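These are the residues of each chain, in order.
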Amino acid sequence: MSDFTDNFWSWYVAALTLVSIAGALVLLWVTARKKIPERSDNTTGHVWDEDLRESNNPMPRWWMWLFVLTVIYSLLYLVAYPGLGTYPGEMGWTTRGEYDAAMVSADKELTPLYAGFTAKSAEVLAGDANAMAVGERLFMNNCAQCHGSDARGSKGFPNLADTDWLHGGSTEKIKETLTLGRKGQMPPMAAAVGSPEDVKNVAQYVLSLSGGPHDSVRAQLGKFKFNACAACHGIDGKGNTAMGAPNLADDIWLHGWGEQAIVDIVNKGKTNEMPAQAGKLTEAQIHVLTAYIWGLSNKAAAAKL
Amino acid sequence: MKPPQPSFEATVSQPAIRKIIPIVPAAEPAGESLYEAQKKIYPRSVSGLFARWRWAFVILTQLFFYGLPWLQWGERQAVLFDLGARRFYLFGYVLYPQDFIYLTGLLVASALSLFLFTAVAGRLWCGFACPQTVYTEIFLWIERKVEGDRTARLRLDGAPFSLEKLVKKWFKHILWVGVAMWTGFTFVGYFVPARELFMQFLQTKMGGWEIFWVLFYGFATYGNAGFLREQVCKYMCPYARFQSAMFDKDTLIVSYDPARGEPRGARSRQADAAALSLGACVDCTLCVQVCPTGIDIREGLQYECIGCAACVDVCDGVMDKMGYARGLIRFTTQNALAGKWNASRILRQVLRPRVLIYTTLLGVLCLALLWSLVARMPLKVDVVRDRAALSRIAAGGRLENVYRLQVMNATEQPQRYSIAAAGLEGLTVASEPEVKVGPTESRWVAVRLQIPYGSAQAGSHPIVFRIGDESGRAHVEEKSVFLVPR
């Protein structure tokens with residue numbers, strides 16, 4: 001924090017700390033020297049409310065020395081560690097250093113574990129229960145925020161547990177997506193398609209591709225205008241994983257289903273982004289995640305057979 | 001020896017002390033320091049009824065403490081607090097950190113027991129069962145075996161350096177350290193399997209933290225029971241401070257009967273006390289010599305008194321020798337001492353409302369604890385709604401919510417649990433309806449619930465998860481909500 005434009009507060013805090021410690025010492029010194037008169041009845045001589053007397057129950061002397069020890073300890077501590085204003089301490093301790101040390105020691109422990117994982121291909125790794133437990137934790141910490149804790153996504157966030165892939169579902173493609181991220185772009189196509197009526201017709205045609213409920217007359221009219229879309233989505237609307245164009249002929253709708261949703265996308269276009277994980281996760285972690293996600297998708301495929 | 005400490009109890013029996021002591025200006029500079037140098041106490045050995053009780057408690061508590069970690073239950077240690085795995089094994093039970101309520105219950109029961117016993121008979125805990133007393137007793141016993149009783153120890157400490165002194169002191173400390181280290185080892189044995197720990201010890205392969213805690217706890221035992229002793233009770237123990245708040249005038253406390261004892265004085269065994277106008281107290285000071293906290297019980301109730309009744313035993317011995325009736329120092333109440341009631345009335349006073357309320361509360365709590373432990377479900381479930389999607393449309397036009405269920409198996413067998421949900425029309429579990437959980441394992445599973453689109457109004461609907469094992473013995477219901485978007 002650079003809100004302290006001069007050293008005043010640092011000195012203030014340091015002085016307050018030292019004065020308090022000195023005060024504690026003075027208090028100890030004064031009480032150690034103080035003598036109270038000896039009385040035969042072992043009271044201090046104070047009497048309240050007619051007959052309430054204060055007994056003299058002295059503290060043990062070792063207890064006082066414990067106090068002195070704490071004062072000495074606090075002074076040594078303040079020399080060694082940051083505690084006096086902005087004084088950094090002789091040991092050079094910082095929270096950042098603590099964090100770095102913890103990371104180094106964690107890496108040291110995890111490196112052999114991950115080395116075992118990276119030695120296997122992602123497809124083989126998907127059958128390794130240990131690796132998948134690690135993969136699940138990585139997924140929960142880094143991916144579940146968007147794709148959901150069951151990896152099935154939601155509107156705008158693709159389902160990773162099915163066999164439908166915008167960019168391809170091979171382990172290489174998954175790794176590429178994780179490492180570099182993806183940017184899905186659909187330009188506004190209203191001008192290329194034609195009038196608003198044409199756009200509606202195209203939407204009906206698109207709905208017909210996946211066999212959903214649609215107006216067949218409008219769909220027929222829209223089929224001709226769909227040429228504007230075919231460049232990316234293909235003449236049969238089955239998409240193109242090379243450029244990340246979604247398959248329009250299945251029942252999976254990433255950005256919403258129905259005429260209005262399709263009309264909106266044709267009119268306004270859509271940009272969707274998966275952030276690159278390369279800077280956040282290590283290569284080994286991405287490898288394990290790849291195996292985990294590939295496993296999810298192919299488990300679903302196996303279940304369907 | 002300390003001058004008498006007046007206390008309100010003393011005023012009951014000795015109205016003479018009621019006199020107001022005038023305030024006088026402090027006389028400089030001689031006087032007492034606010035800090036007192038520790039005076040070493042050499043308690044004399046005692047035998048008698050209460051000494052036997054104290055030894056019975058020493059043996060009982062230590063058989064329990066030293067013995068329990070070696071008890072097996074099937075394949076594992078019967079009582080083991082596995083902090084690393086966060087599983088706590090108590091005979092047939094596997095407890096999770098979520099079962100903390102049982103520890104709370106145990107602590108409340110302990111507190112209520114303390115209230116009850118203190119109200120009935122003072123600091124029974126302190127005098128008989130407190131680890132500080134128990135270990136001091138064991139250490140004192142070793143000290144006595146090596147160095148002899150009070151007078152021998154006083155002589156030895158006062159004697160100049162000699163080979164005999166060196167050997168005795170070393171021998172004592174070696175024995176002390178041995179007991180202390182074994183205590184430390186036993187303590188760690190409650191958290192790390194004791195048999196494995198012992199094997200590791202024999203092979204000198206004990207882990208760093210285990211060594212640390214054995215040494216730490218061992219050192220604490222050595223220091224507390226060997227050196228600090230009564231200082232712990234007087235200056236450090238919080239119980240000691242608030243136990244006295246639970247006394248009342250019908251509490252049985254260790255008391256000296258001044259009406260019978262005073263005026264005290266030495267006399268021959270043949271002498272007629274009445275003729276010498278002496279009380280029953282022969283002023284032998286044995287009650288002071290046996291006191292582990294070094295007080296004179298004849299000065300009335302004092303906060304240092306831990307209620308161990310050593311003075312009762314020793315005084316009864318003296319009374320027997322003198323041919324007097326026992327009980328000059330005895331367990332009695334302030335009301336009885338003030339002459340208000342006799343022995344049978346003292347006993348009847350034990351059943352006063354305060355004691356009855358404590359007993360009832362304690363009984364109800366213990367029964368509730370026992371019942372809840374017997375009826376405990378060996379299965380726990382936590383439901384956490386998915387943090388990404390509130391709800392979504394799944395294939396087939398169904399509305400889906402995602403949950404994460406933490407399923408905790410509190411048995412030592414692998415289990416298959418079925419997952420069902422209810423609370424909304426057409427609510428189904430779309431994900432795997434069964435989950436396998438290993439012995440004492442806890443698993444997170446993602447569960448998807450679906451309803452037909454449009455079958456419920458927009459908003460949040462309460463639902464309930466029903467999780468159960470195959471036998472139907474364990475079944476848990478957990479509440480959650482199903483969100484329908486606008």
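Calculation criteria
- Residues numbered from 1 in each chain as written.
- Chains lettered and ligands numbered in written order.
- Predicted model: local features only at pLDDT ≥ 70, side-chain atom pairs only at ≥ 80, totals over all residues.
- Heavy atoms only, no water.
- Helix = DSSP H or I, 4+ residues; strand = E, 2+ residues; numbered from the N terminus.
- Rg over C-alpha atoms; globule rule 2.2 N^0.38 Å.
- Buried < 20%, exposed > 50% of the residue type's maximum accessible area, 1.4 Å probe, protein only.
- Contact = heavy atoms within 4.5 Å.
- Areas by Shrake-Rupley, 256 points an atom, 1.4 Å probe, with all protein chains shown as cover.
- Lys, Arg positive; Asp, Glu negative; His and termini not counted.
- Charge placed at Lys NZ, Arg CZ, Asp CG, Glu CD.
- Pairing = 2+ DSSP bridges.
- pLDDT = per-residue confidence, 0-100.
- Core = buried A, V, L, I, M, F, W, Y, C linked by side-chain atoms within 4.5 Å.
- Axes fitted to C-alpha atoms, helices over the stretch in contact; angles between N-to-C directions.
- Salt bridge = Lys/Arg side-chain N within 4 Å of Asp/Glu carboxyl O.
- Parallel < 35°, antiparallel > 145°, perpendicular 65-115°, else oblique.
- Left-handed = near helix turned anticlockwise from the far one by under 90°.
- Nonpolar A, V, L, I, M, F, W, Y, C, P; charged D, E, K, R; others polar.
- Expected span 1.5 Å × (residues − 1).

Caption draft 1: View of the overall build of chain A. What chain A contains, in helices and strands, is 13 helices and six strands. Relative to the compact-globule value of 19 Å for 305 residues, chain A shows a C-alpha radius of gyration of 36 Å, a clear excess of over 25%. Classification of the 305 residues of chain A by burial places 35% in the buried group. Expressed as a percentage of contacts within chain A between residues at least 6 apart in sequence, the contacts between residues at least 24 apart total 59%. When the accessible surface of chain A is split by element, carbon and sulfur atoms take 62% of a total near 18,300 Å².

Caption draft 2: Geometry of the overall build of chain B. Assigned secondary structure in chain B consists of 17 helices and 18 strands. Its C-alpha radius of gyration of 32 Å places chain B more than 25% over the 23 Å reference for a compact globule of 486 residues. If you line up chain B on its principal axes, its C-alpha atoms span 110 × 60 × 50 Å. Buried residues in chain B amount to 45% of all 486 residues. Pairs at least 24 residues apart make up 68% of the contacts formed inside chain B by residues separated by at least 6 positions. Accessible surface, chain B as shown: approximately 25,700 Å² in total, 65% of it carbon and sulfur. Each charge sign in chain B was given a centre, from 55 positive and 40 negative side chains, and these centres are 2 Å apart.

Caption draft 3: How the structure looks around the pairing of strand β8 (residues 253–256) of chain B. Residue and element names in this part refer to chain B. On β8, burial covers both faces: Ile253 and Ser255 on one face and Val254 and Tyr256 on the other are all buried. Of the strand pairs in this sheet, β8 and strand β9 (residues 329–332) are connected by four bridges, and their pairing is antiparallel. Opposite Tyr256, over in β9, you have Ile329 as the bridge partner.

Caption draft 4: Just the confidence of the model for chain A, in detail. Residues of chain A with pLDDT of at least 70 account for 96%, and the chain-wide mean is 89. Taken element by element, the predicted model of chain A shows its lowest mean pLDDT in strand β1 (residues 35–36) of chain A (80) and its highest in helix α7 (residues 171–180) of chain A (95).

Caption draft 5: Quick peek at the nonpolar core. Judged by nonpolar contacts, the single largest core of 31 residues is most densely connected at Val254, Ile297, Cys311, Val312, Leu328 and Ile329 of chain B. Elements supplying a minimum of two residues to this core: α4 (124–129), β8, α13 (286–289) and α14 (310–322) of chain B. No other element matches the eight residues that α14 of chain B contributes to this core. When residues no more than four places from it in sequence are discounted, the contact partners of Ile297 of chain B are Val254, Tyr256, Cys287, Gln302, Cys305, Cys311 and Ile329 of chain B. Counting 28 residues, the second-largest nonpolar core is a separate cluster that includes Met140, Ala151, Leu289 and Ile293 of chain A.

Caption draft 6: Inspection of the sheet that holds strand β6 (residues 87–90) of chain B at higher detail. All names here are of chain B. Read across the sheet, three strands follow the order β5-β6-β7 without closing on themselves; strand pairing throughout is antiparallel. A strand with exactly one partner marks an edge of an open sheet, and here the two such strands are β5 (79–82) and β7 (93–95). Strand-to-strand twist of the sheet, defined as the mean angle between neighbouring strand axes without regard to direction, takes the value 15 degrees.

Caption draft 7: Looking closely at the side chain of Arg385 of chain B. Residue and element names in this part refer to chain B. Secondary-structure assignment places Arg385 in strand β10 (residues 379–385). Buried charged residue Arg385 carries no salt bridge. Nearest counter-charge: Asp386, at 7.1 Å. Leaving out residues up to four positions away in the same chain, Arg385 has contacts with Leu390, Asn401, Val402, Tyr403, Ser480, Val481, Phe482 and Leu483.

Caption draft 8: Local environment of the packing of helix α9 (residues 196–209) of chain A against helix α12 (residues 259–268) of chain A. All names here are of chain A. With their axes 9 Å apart at the nearest point, α9 and α12 run at an angle of 120 degrees to one another. Relative to α12, the element α9 is oriented oblique. In this structure, α9 crosses over α12, and the sense of that crossing is right-handed. In this structure, α9 contributes Val199, Lys200, Ala203, Gln204, Val206 and Leu207 to the contact, and α12 contributes Glu259, Ile262, Val263, Val266 and Asn267. Taken together, the residues of the contact of α9 with α12 break down into seven nonpolar, two polar and two charged.

Caption draft 9: Representation of the sheet that holds strand β15 (residues 434–437) of chain B. All names here are of chain B. Taken together, four strands build an open sheet; the order of strands is β15-β13-β17-β18 and the sheet is antiparallel. One side of each edge strand has no neighbouring strand; the edge strands of this open sheet are β15 and β18 (475–484). Averaged over all pairs of adjacent strands, the angle between strand axes in this sheet comes to 30 degrees, irrespective of strand direction.

Caption draft 10: Focus on helix α1 (residues 8–33) of chain A. For α1 of chain A, built from 26 residues, the straight-helix expectation of 38 Å at 1.5 Å per residue is met to within 8% by its first-to-last C-alpha distance of 37 Å. By the burial criterion, the buried members of α1 of chain A are Ser10, Ala14, Ile21 and Leu28 of chain A. Here the buried face of α1 of chain A lies against α2 (61–80) of chain A together with β2 (35–36) of chain B.

Caption draft 11: Looking closely at helix α7 (residues 163–189) of chain B. When the terminal C-alpha atoms of α7 of chain B are compared, their 38 Å separation across 27 residues agrees well with the 39 Å that a helix rising 1.5 Å per residue should span. All of the buried residues in α7 of chain B are Lys165, Lys169, Lys172, Trp176, Ala180, Thr183, Gly184, Phe185, Thr186, Val188 and Gly189 of chain B.

Caption draft 12: Molecular detail of the pattern of salt bridges. A complete count under the given rule lists 35 salt bridges over all chains for this structure. Lys120 of chain A serves as the salt-bridge partner of Asp128 of chain A, at 3.0 Å between the closest nitrogen and oxygen. For Asp128 of chain A, a relative accessible area of 16% translates into the label buried. For Asp150 of chain A, the salt bridge is made with Arg392 of chain B, and the minimal N-O distance between the two is 2.6 Å. Here Asp150 of chain A, found in the loop between α6 (144–147) and α7, pairs with Arg392 of chain B, found in strand β11 (residues 392–394), and the two come from separate chains. Note on accessibility: Asp150 of chain A and Arg392 of chain B belong to one class, buried.

Caption draft 13: How the structure looks around unusual backbone geometry. All names here are of chain B. At the junction of Glu262 and Pro263, the peptide bond is cis and its omega measures out at -10 degrees in the coordinates. In this fold, Pro263 is placed in the loop between α12 (258–261) and α13. We note that Thr285 has phi near 60 degrees; this positive angle belongs to a residue other than glycine. Thr285 gets classed as partly exposed once you look at its relative accessible area, which sits at 24%. In this structure, Thr440 takes a positive phi of about 45 degrees despite not being glycine. With respect to the helices, strands and loops of the structure, Thr440 is situated in the loop between β15 and β16 (442–452).

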